[in-house]
Amino acid sequence: MGIAGNLTADQLAFFNANGYLVLESFSSAEEVKDMRDRMAELLDGFDGSVSSIFSTKNQQQHTDDYFFESAEKISFFFEEKAFGEDGHLKQPKELSINKVGHALHEQDPVFKKFTSTDKIAGMFFSLGYKRPVVMQSMYIFKQPGIGGEVVPHQDNSFLYTEPPSCTGLWLALEDATVTNGCLWAIPGSHKNGLKRRFIRDENGVHFDRSSPAYDEKEFVPLEVKEGSLVVIHGDLIHQSFENKSPNSRHALSLHVVDTDGHIWAKDNWIQKKVEPEPLYSC
Ligand SMILES: O=C(O)CCC(=O)C(=O)O
């Protein structure tokens, strides 16, 4: 196997105390450029047909086949505010997409290469994962002017195992600031348990309870430079605001669960037809 942990004791202590960790310069400028260039190519090849609009405010509506099948594909989701009153895009498709997901790490060689690097595996080894599996990947654009908010949430709500084991990795592909919609998190909130689940059933998807109210004053901004990685505990409350600035804020988000001693819930929205390969197994 040959995987070695790559987080220091101080980094692990910070993560355990706060529920997140920022690793500056995790990715080289070249690695970031490769992924941005590859996404530009994918967008170029996309015919621009509107199959799905993504909004975290109206998530119950996303019950269509395009959404469910995206678990194993490269699918394009539009910004809610991309359209004018006439129903047409107000700007080019490249500036209208909210995110591309959810299997870039399986279906695209450039994103697969990044996901398969030893530095990703090493991190999960440090975190104690025995058989980590990447369950989803998203390229998030936070488009200038129209980039939608992501409401406060915990990743374990969407990627539930019994017992919970999700960790999010969020790689800044551009500088992320309070102006262009960086992440915000409530430090230590991962210690207060999972608040609700996002359930798939015969009627579509829904949350099993309403969201608690969060005090905005408890959130801290995670402003990071391009190439920085934010490691996010599955129970950490985090969010991002609308991007009203003229600058985009591209990011790659991966969500990983342990499949050793943890059962993937049958009512998660992602139900893979093909069993995903682990990053390693020990
Ligand atoms: O990129 C964002 O604005 C939010 C991403 C996020 O919350 C996630 O990937 O869990």
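Residues numbered from 1 in each chain as written. Predicted model: local features only at pLDDT ≥ 70, side-chain atom pairs only at ≥ 80, totals over all residues. Heavy atoms only, no water.

### Looking at the side chain of asparagine 18
The condition that has to hold: Counting from the N terminus, the helices are DSSP H or I runs at least four residues long and the strands are E runs at least two residues long. We call two residues in contact when some of their heavy atoms are within 4.5 Å.
With respect to the element layout, asparagine 18 can be found in helix α1 (residues 9–18). For asparagine 18, the contacting residues outside a window of four places in its chain are Ile186, Pro187, Gly188, His190 and Leu236.

### Side note on the site of the ligand
What counts is decided by this rule: When we say a residue is near a molecule or strand, we mean one of its heavy atoms is within 4 Å of it. Here a polar contact means two N or O atoms within 3.5 Å. Within protein one must be a hydrogen donor candidate and the other an acceptor candidate, and residues neighboring in sequence count only if both atoms are side-chain atoms. Here, Shrake-Rupley sampling with a 1.4 Å probe gives the accessible areas, and only protein chains in the shown set may cover a residue. When residue character is reported, Ala, Val, Leu, Ile, Met, Phe, Trp, Tyr, Cys and Pro are called nonpolar, Asp, Glu, Lys and Arg charged, and the others, Gly included, polar.
Near the ligand lie 13 residues; those nearest to it are His153, Trp170, Ser240, Arg249 and Ser253. Within the contact set of the ligand, an oxygen atom lies 3.1 Å away from a side-chain nitrogen or oxygen of histidine 153. The separation between an oxygen atom of the ligand and a polar side-chain atom of serine 253 is 2.7 Å. Protein coverage of the free-state accessible area of the ligand, which is 290 Å², stands at 96%. Listing elements by their share of the shell around the ligand, those giving two or more residues are β5 (132–140), β6 (150–153), β14 (238–240) and β15 (251–258). Residues of the shell around the ligand, tallied by class, amount to five nonpolar, five polar and three charged.

### Brief notes about the state of the cysteines
Heads up, the rule is: The disulfide definition used here is simple: a pair of cysteine sulfur atoms within 2.5 Å. Relative accessibility under 20% of the residue-type maximum defines a buried residue, over 50% an exposed one, and the middle range a partly exposed one, all with a 1.4 Å probe and only protein chains included.
Counted under the stated rule, the structure contains zero disulfides. Looking at the unpaired cysteine 282, the closest cysteine sulfur is the one in cysteine 166, lying at 18 Å. In this structure cysteine 282 comes out as partly exposed when scored by relative accessible area, which is 44%.

### Some remarks on the pattern of salt bridges
What counts, and what does not: Whenever a carboxyl oxygen of Asp or Glu lies within 4 Å of a side-chain nitrogen of Lys or Arg, that contact is scored as a salt bridge.
Inspection of the entire model under this criterion finds twelve salt bridges. The salt bridge involving glutamate 31 is made with lysine 119; its shortest N-O contact spans 2.8 Å. Pair noted here: glutamate 31 is in helix α2 (residues 29–45) and lysine 119 is in helix α6 (residues 118–126), with a separation of 88 residues, a long-range link. We classify glutamate 31 as buried; its relative accessible area is 18%.

Any functional reading would require information that these geometric values do not contain.
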